[in-house]
Amino acid sequence: MWIVSTSSPLDPSHDNLPLFIRVLFFLPSALSFALRYSTEKQIYNSPISKWTALKNRRLQNWGGVVHEKGLLPQALPPWLTKITERIYKDTGLFPSAINHVLINEYFPDQGIMPHQDGPAYFPVAAILSLGCPAVMNFSPHLKLTACNDVARNTEIDTDFVSLKDDLNNDISSNHHCPFSVLLTPCSLLIFKDEAYLDYLHGIEDTTVHHLDNVVNTFEAMKQHKNSCLLGSEDRVEARSTDPIMSIQRTSTRISLTCRLVSKVHKNLFKF
Ligand SMILES: O=C(O)CCC(=O)C(=O)O
Ligand SMILES: [Fe+2]
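How each quantity is defined
Residues numbered from 1 in each chain as written. Chains lettered and ligands numbered in written order. Predicted model: local features only at pLDDT ≥ 70, side-chain atom pairs only at ≥ 80, totals over all residues. Heavy atoms only, no water. Helix = DSSP H or I, 4+ residues; strand = E, 2+ residues; numbered from the N terminus. Expected span 1.5 Å × (residues − 1). Buried < 20%, exposed > 50% of the residue type's maximum accessible area, 1.4 Å probe, protein only. Arc of directions from axis to C-beta. Core = buried A, V, L, I, M, F, W, Y, C linked by side-chain atoms within 4.5 Å. Contact = heavy atoms within 4.5 Å. Near = heavy atom within 4 Å. Polar contact = N/O pair within 3.5 Å; in protein donor to acceptor, adjacent residues only side chain to side chain. Pairing = 2+ DSSP bridges. Axes fitted to C-alpha atoms, helices over the stretch in contact; angles between N-to-C directions. Donors = N, O, S within 2.8 Å, 3.2 Å for Na, K, Ca; no water.

With 13 residues, helix 2 (residues 33-45) should reach 18 Å at 1.5 Å per residue; the first-to-last C-alpha distance of 18 Å fits that figure. Listed as buried for helix 2 are Leu 35, Arg 36, Thr 39 and Ile 43. Projected down its long axis, helix 2 carries its buried residues within an arc of 100°, all on one side. Exposed and facing more than 90 degrees away from the buried side of helix 2 are Ala 34 and Asn 45.

Listed below in structure tokens is the structure:
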């Protein structure tokens, strides 16, 4: 089983699930070594024309063109549907099959500005990480009440690292706290609901990422240390000894952002 749920099925309609379970899931080892290897190979074997160079990273767009009114679709290649179908089926968080994947490549000093994903997407994002670890920061929209108390705890629920009640309460009482997630290679982060709609997410364009605000340090680091499959260049390097407060980004990170565009246009002229 790829994604392991403990007691409750991962069904967003289960209102009895605590809010922190419903907004953020982190699975440290979503990809096997074989799948990681073949996916990286496929990404770099894609024609060079598939890459779009941006100022601070480059990306591949798969699944078609996302327009604010919907998707002009293009079938995902089988090596990507192998991944997206598993996310779709195992999480039960998407109403229909994932039809769009953005692949971002970041050098150690590259990142992505805090942003919110566009309105064309169904509000669930599943991000698979490969290569060098990085920290993703979630910051509440300015329109939302700032949080005075940034101290938070981490709750480890087997494979899922979830925000604990502090943040949960903050979210529901409209006191939105910033928080961060450590994205280790082969991990899958899924965020939805408030984390998707009320927060911006971004990655700093610096080679050192601080872990102060990270909600999943323990689980991510445990997995990382235990994994004998990781290349040495992927290792999280402690900048200070116990407790680890930052990571040094030493190599390229690749992410696969898998989403659903609900509205699909079969014909360009039918907008
Ligand atoms: O690279 C990542 O992990 C984030 C990518 C992202 O936020 C996006 O493509 O919208
Ligand atoms: Fe995004």
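Phe 138, Val 181, Leu 182, Leu 189 and Phe 191 are the most contacted members of the largest nonpolar core, which totals 30 residues. Elements with a minimum of two residues in this core: strand 1 (24-27), strand 8 (124-131), strand 9 (134-140), strand 14 (179-183), strand 15 (188-192), helix 5 (193-197), strand 16 (199-203) and helix 6 (217-226). In contact with Phe 138, not counting residues within four places along its chain, are Pro 178, Phe 179, Val 181, Leu 189, Phe 191, Ala 195, Tyr 199, Leu 200 and His 201. Listed in part, the 29 residues of the second largest apolar core include Ala 30, Ile 98, Ala 126 and Ile 254.

Next up on the list: the site of ligand 1. Residues in contact with ligand 1 amount to 14 residues; listed here are only the nearest, Tyr 106, His 115, His 201, Arg 253 and Ser 255. A distance of 2.5 Å is found between an oxygen atom of ligand 1 and a side-chain nitrogen or oxygen belonging to Tyr 106. Elements supplying a minimum of two residues to the shell around ligand 1: strand 6 (100-106), strand 7 (112-115), strand 16 and strand 19 (253-259). Ranked by residue count, the leading element in the shell around ligand 1 is strand 19, at four residues.

The next thing to look at is the pairing of strand 5 (residues 70-73). For strand 4 (residues 64-67) and strand 5, the ladder comprises four bridges, and the chain directions are antiparallel. What sits directly across from His 67, in strand 5, is Gly 70.

So, about the sheet that holds strand 16. Spatially, four strands are ordered 7-16-9-14 in an open sheet, and the strand pairing comes out antiparallel. Looking along the sheet, the strands with just one partner apiece sit at the ends: strand 7 and strand 14. Shown here is a sheet whose adjacent strand axes are inclined to one another by a mean of 20°, direction ignored. The sheet contact formed by strand 9 and strand 14 spans five bridges and is antiparallel. The residue of strand 14 that forms the bridge with Ala 134 is Leu 183.

What follows concerns the coordination of the iron ion (ligand 2). Think of it this way: four donors in a tetrahedron around the metal ideally sit 109.5 degrees apart, and six in an octahedron ideally sit 90 or 180 degrees apart. For the iron ion (ligand 2), every protein donor is listed as His 115 (NE2), Asp 117 (OD) and His 201 (NE2), and the spread of their distances is 2.1 to 2.2 Å. The sequence pattern describing where the donors of the iron ion (ligand 2) fall on their chain is H-x1-D-x83-H. With Asp 117 in the loop between strand 7 and strand 8 and His 201 in strand 16, this pair connects stretches of sequence that are 84 residues apart. Each member of the pair Asp 117 and His 201 is classed as buried.

Right, let's talk about the sheet that holds strand 1 for a bit. Strands sit in the order 1-15-8-19-6-3-2 across an open sheet of seven strands; the sheet is antiparallel. In this open sheet, the two strands that pair with only one neighbour each are strand 1 and strand 2 (51-53). Sheet twist, expressed as the average angle between the axes of neighbouring strands with direction ignored, equals 20°. Where strand 1 meets strand 15, four bridges bridge the pair, whose relative direction is antiparallel. Bridge assignment links Leu 27 to a residue of strand 15, and that residue is Leu 188. Strand contacts of helix 2: strand 2, strand 3 (58-62), strand 6, strand 8 and strand 19, with the helix running at about 95° to strand 8, the strand carrying the most contacts. Running at roughly 60° to strand 19, helix 3 (residues 78-91) makes contact with strand 3, strand 6, strand 8, strand 15 and strand 19 of the sheet.

In short, shape yes, function no, at least from these values alone.
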